[in-house]
Amino acid sequence: MITEENYFIIDTLIRQGRSFAMWRVPGEETIHFRMQTLGSPDLLFDLNELNGRSGFVIAPFHVSTEHPIVLLQPDCFEMPEDVIESPQEMINVCAPATVPPVRSMEEEKQDYSRCFQTFLSQLQKKELDKLVLSRPKTIPKEAGFSVGKVFFRACRRYIYSYVYLCHTPQTGTWLGGTPEIILSGEGNEWHTIALAGTQQLIGDELPKEWDAKNIQEQQYVAQYIRNRLNSLGIMPEENGPYTSRAVDICHLRSDFRFRLPNNRELGTLLDKLHPTPAVCGLPKDKAYRFILEHEGYDRRYYSGFVGWLAPHGKTDLYVNLRCMSIQRDTYTLFAGGGLLESSLLESEWKETNDKMQTMRKIID
């Protein structure tokens, strides 16, 4: 059984550059651990290449030679009881060499404001219906920072989120607590969701009303998923939208449950769904290209998806939100929000700060 006393083993595996993943599914207590000790994880460059494959998937927002889809094929299913480091291994290899710069809040807001105006102008010209604007925030680590301890804090705090930690030499170290399913299920029962719109909790109560902007944003995502499933001949049962809590904030959520004619083509389905308008925009292809050209930074694996893929077992894949990338001396948080032509700068800026607090709270 994996317990909080194992945090130092996790930290050591990262320092050694091992390829491993661990996760806890929402509402469950079991922490799963998988490690690949033989060979290297497979690097894929098309989601369709996941058809018929099993393993732990780390997929980026935009697949490139620098940021491929990484598929761990584990041969170790239990966390080592002890690990011994040689002097050569006593270095921190949390992430590849490229590290985002640490900037002041004023600099961050200036950059965000410029991007916001660029994005908003496209929406006001009716060039696009929706765009998702995100931003990174890089913070110096404090003395005694432990990735293992942060992971266990996340498991304690975020009971109804998918909490994960993964490290490979190709991706570096990523940790998150995300509420958004992109695909889960087993056998004939499969599930995805439309999650969009954001409000803060009122005290400890769910909000009772949503404004037109948030409702429209969620409707765009739900309609996209409906259309994508229908294009594959899938007619889902739909429930929602309803208010769903994600730690200290809430979203509008719709559930789609369906059967698949062929479980060996999960990659094809993922290629249809990813990226959803919840992390990209509409029309999808045009919004996707606009984000890559104008957002001003490389999202890498933020707003991609992570999780266990098993065509003949249980699959749990989640959009990589409320996450951080961990480097040797810093960690980088990510957050974004859906923009419509009615969006206001200050409220969108506040939303990104609120979302980043999900990760800040388990560190601070």
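None of the values given here were measured: they were computed from a predicted structure.

> Help me understand the overall build of the protein chain, please; the structure alone is not making it clear to me.
On a plain count of helices and strands, the protein chain comes out with seven helices and 17 strands. Expected size for 364 residues packed as a compact globule is a radius of gyration near 21 Å; at 20 Å, the protein chain falls within 12% of this value. Counting only C-alpha atoms and orienting by the principal axes, one finds that the protein chain spans roughly 60 × 50 × 40 Å. The buried share among the 364 residues of the protein chain stands at 56%. Look at the contacts in the protein chain between residues 6 or more apart in sequence, and 73% of them connect residues 24 or more apart. Accessible surface for the protein chain amounts to roughly 15800 Å². Of this, 49% is attributable to carbon and sulfur atoms. Charge centroids of the protein chain, computed over 40 positive and 48 negative side chains, lie 2 Å from each other.

> Hey, could you run me through the sheet that holds strand E4 (residues 55–59) in this one?
If you trace the nine strands from one edge of the open sheet to the other, you get E3-E5-E4-E14-E15-E9-E10-E12-E11, paired in antiparallel fashion. Every interior strand has two partners, whereas the edge strands, strand E3 (42–44) and strand E11 (237–246), have only one. In this sheet, adjacent strand axes meet at a mean angle of 15° when their direction is disregarded. On the sheet, helix H4 (residues 212–231) packs against strand E10 (189–200), E11 and strand E12 (249–258) and is oriented at approximately 165° with respect to E10. Helix-sheet contacts for helix H5 (residues 266–273) involve strand E9 (181–186), E10, E12, strand E14 (305–309) and strand E15 (315–319), and the interaxial angle to E9 is about 155°.

> Would you mind showing me how to read the packing of helix H2 (residues 105–124) against helix H7 (residues 345–363) here?
The axes of two packed helices give the description: the angle between them and the distance between them. Where H2 contacts H7, the axes come no closer than 11 Å and their chain directions differ by 125°. As the angle between them shows, H2 and H7 are arranged oblique. Crossing angle aside, the handedness with which H2 passes H7 is right-handed. Note on element contacts: H7 touches H2 through Leu-345, Glu-346, Glu-348, Trp-349, Thr-352 and Asn-353, opposite Met-105, Glu-108, Lys-109, Tyr-112, Ser-113 and Phe-116.

> When you look at the packing of aromatic side chains in this model, what are you seeing that I'm missing?
Any two aromatic rings considered together are summarised by their centre-to-centre distance and by the angle between their planes. All chains considered together, the criterion is met by 16 aromatic pairs. The cationic tip of Arg-34 hangs over the ring face of Trp-308; the distance from NZ or CZ to the ring centre is 5.3 Å. Sitting over the face of the ring of Trp-349, Arg-135 holds its NZ or CZ atom 3.9 Å from the ring centroid.

> Just checking my understanding: could you explain the sheet that holds strand E7 (residues 162–168) for this structure?
For sheets, the rule is that strands pair by backbone hydrogen bonds, running either parallel or antiparallel. Across the sheet, which stays open at both edges, the eight strands sit in the order E2-E1-E7-E8-E16-E17-E6-E13 with antiparallel pairing between neighbours. The sheet is open, and its two edges are formed by strand E2 (32–36) and strand E13 (281–282), each paired on a single side. Here strand E6 (residues 130–140) pairs with strand E17 (residues 330–339) via ten bridges, running antiparallel. If you follow Lys-137 over to E17, its bridge partner there is Leu-333. Sheet strands in contact with helix H1 (residues 7–15) are strand E1 (19–24), E2, E7 and strand E8 (172–178), and its direction is about 145° off that of E1.

> Honestly, unusual backbone geometry in this entry has me stumped. Any pointers?
As a rule of thumb, non-glycine residues mostly have phi less than zero, and peptide bonds are mostly trans rather than cis. In this structure, the amide linkage connecting His-274 to the following residue, Pro-275, adopts the cis form with an omega of -10°. Among the secondary structure elements, Pro-275 is positioned in the loop between H5 and E13. Note that the residue after Leu-282, namely Pro-283, is joined by a cis bond; omega there is -10°. For Pro-283, the position within the fold is in the loop between E13 and helix H6 (284–294).

Reading the values: the criteria
- Residues numbered from 1 in each chain as written.
- Predicted model: local features only at pLDDT ≥ 70, side-chain atom pairs only at ≥ 80, totals over all residues.
- Heavy atoms only, no water.
- Helix = DSSP H or I, 4+ residues; strand = E, 2+ residues; numbered from the N terminus.
- Rg over C-alpha atoms; globule rule 2.2 N^0.38 Å.
- Buried < 20%, exposed > 50% of the residue type's maximum accessible area, 1.4 Å probe, protein only.
- Contact = heavy atoms within 4.5 Å.
- Areas by Shrake-Rupley, 256 points an atom, 1.4 Å probe, with all protein chains shown as cover.
- Lys, Arg positive; Asp, Glu negative; His and termini not counted.
- Charge placed at Lys NZ, Arg CZ, Asp CG, Glu CD.
- Pairing = 2+ DSSP bridges.
- Axes fitted to C-alpha atoms, helices over the stretch in contact; angles between N-to-C directions.
- Parallel < 35°, antiparallel > 145°, perpendicular 65-115°, else oblique.
- Left-handed = near helix turned anticlockwise from the far one by under 90°.
- Phe/Tyr/Trp six-rings, centres within 6.5 Å; stacked < 30°, edge-to-face > 60°.
- Lys NZ or Arg CZ within 6 Å of the ring centre and 35° of its normal.

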